[in-house]
Amino acid sequence: MSAKPTFSHEISNLMYKSHGNPTKSCIQCGTCAGTCPVAEYMDQTPRRLIGMINANLKEEVLASNTYWFCASCYHCTVRCPSQIDIAGVMYAVKRYSIWNKSYSEDLVGPAFSEAFVKIIARSGRSYEPILAPTYMFSMEPKEFVQEAFNATKMMLKGRIPVLPTRIKHIKNFQEMIRRIIPIGGES
Ligand code: SF4
Ligand code: SF4
């Protein structure tokens, strides 16, 4: 009987599209943490998160906000001396946490990602009026009012459509993405 894969193996398996080296080749140099433009908002630096994955600290990794704050800028990936695709690791942990529904409830990222994928699956285009409520209610009242004001102005100027639009041949597009990702509730 084959042994159950460890958490770090599961994350590696989710990185099958990545051309980088495995996370086990991390030398903990800290270049990724020093490079990351959003590290100050993360509760664990990218360096620490890689170390935690390698140590199979599954619950601690999934409870972290680090991978939700990752802006996918790829600075860390191009600078890593061990050629690990760190941005790819962040995506892999996101996928893992969404599929297992294991993430902190107070984060905006999971609801935003789910809404985004559903909108794209339905129409092939992003639509801000549906996406915005996933993060606007976490804002301070002043920011909320400013954001709503800006959105209304953009809508009046035609920069945001009043109704969602669909791409041509949406059925073909939906068939294509249905083969790639399981989309809850979409048919
Ligand atoms: S830059 Fe690469 S080798 Fe250095 S700590 Fe980050 S992941 Fe590890
Ligand atoms: S890809 Fe993510 S983790 Fe890497 S530097 Fe950019 S924001 Fe930071």
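What comes next is a walk through the structure. Here the structure is a predicted model, which is why all the values come from computation and not from measurement.

A short note on the site of ligand 1
Then comes step 1: Surveying the vicinity of ligand 1 reveals 13 residues, the closest of which are Cys26, Cys29, Gly30, Cys32 and Cys80.
Then comes step 2: Considering only residue class, the shell around ligand 1 consists of 8 nonpolar, 4 polar and 1 charged.

Topic: the pattern of salt bridges
Then comes step 1: Scanning the entire structure with this criterion turns up 2 salt bridges.
Then comes step 2: For Glu114, the salt bridge goes to Lys118, with nearest N and O atoms at 3.3 Å. Within this pair, Glu114 and its partner Lys118 are both found in helix 8 (residues 109-123), separated by 4 residues, close to a single helical turn.
Then comes step 3: Linking Arg178 and Glu175 is a salt bridge whose minimum nitrogen-to-oxygen distance equals 3.9 Å. One end of the pair, Arg178, and the other, Glu175, are both in helix 12 (residues 170-178), 3 residues apart, so they sit about a helical turn from each other.

What to know about the side chain of Thr77
Then comes step 1: Note that Thr77 resides in helix 6 (residues 75-79).
Then comes step 2: The exposure class assigned to Thr77 is buried, which follows from its relative accessible area of 18%.
Then comes step 3: Polar side-chain contacts of Thr77 include one of 3.3 Å to the backbone nitrogen of Ile86.

Criteria and cut-off values
Residues numbered from 1 in each chain as written. Chains lettered and ligands numbered in written order. Predicted model: local features only at pLDDT ≥ 70, side-chain atom pairs only at ≥ 80, totals over all residues. Heavy atoms only, no water. Near = heavy atom within 4 Å. Nonpolar A, V, L, I, M, F, W, Y, C, P; charged D, E, K, R; others polar. Salt bridge = Lys/Arg side-chain N within 4 Å of Asp/Glu carboxyl O. Helix = DSSP H or I, 4+ residues; strand = E, 2+ residues; numbered from the N terminus. Buried < 20%, exposed > 50% of the residue type's maximum accessible area, 1.4 Å probe, protein only. Polar contact = N/O pair within 3.5 Å; in protein donor to acceptor, adjacent residues only side chain to side chain.

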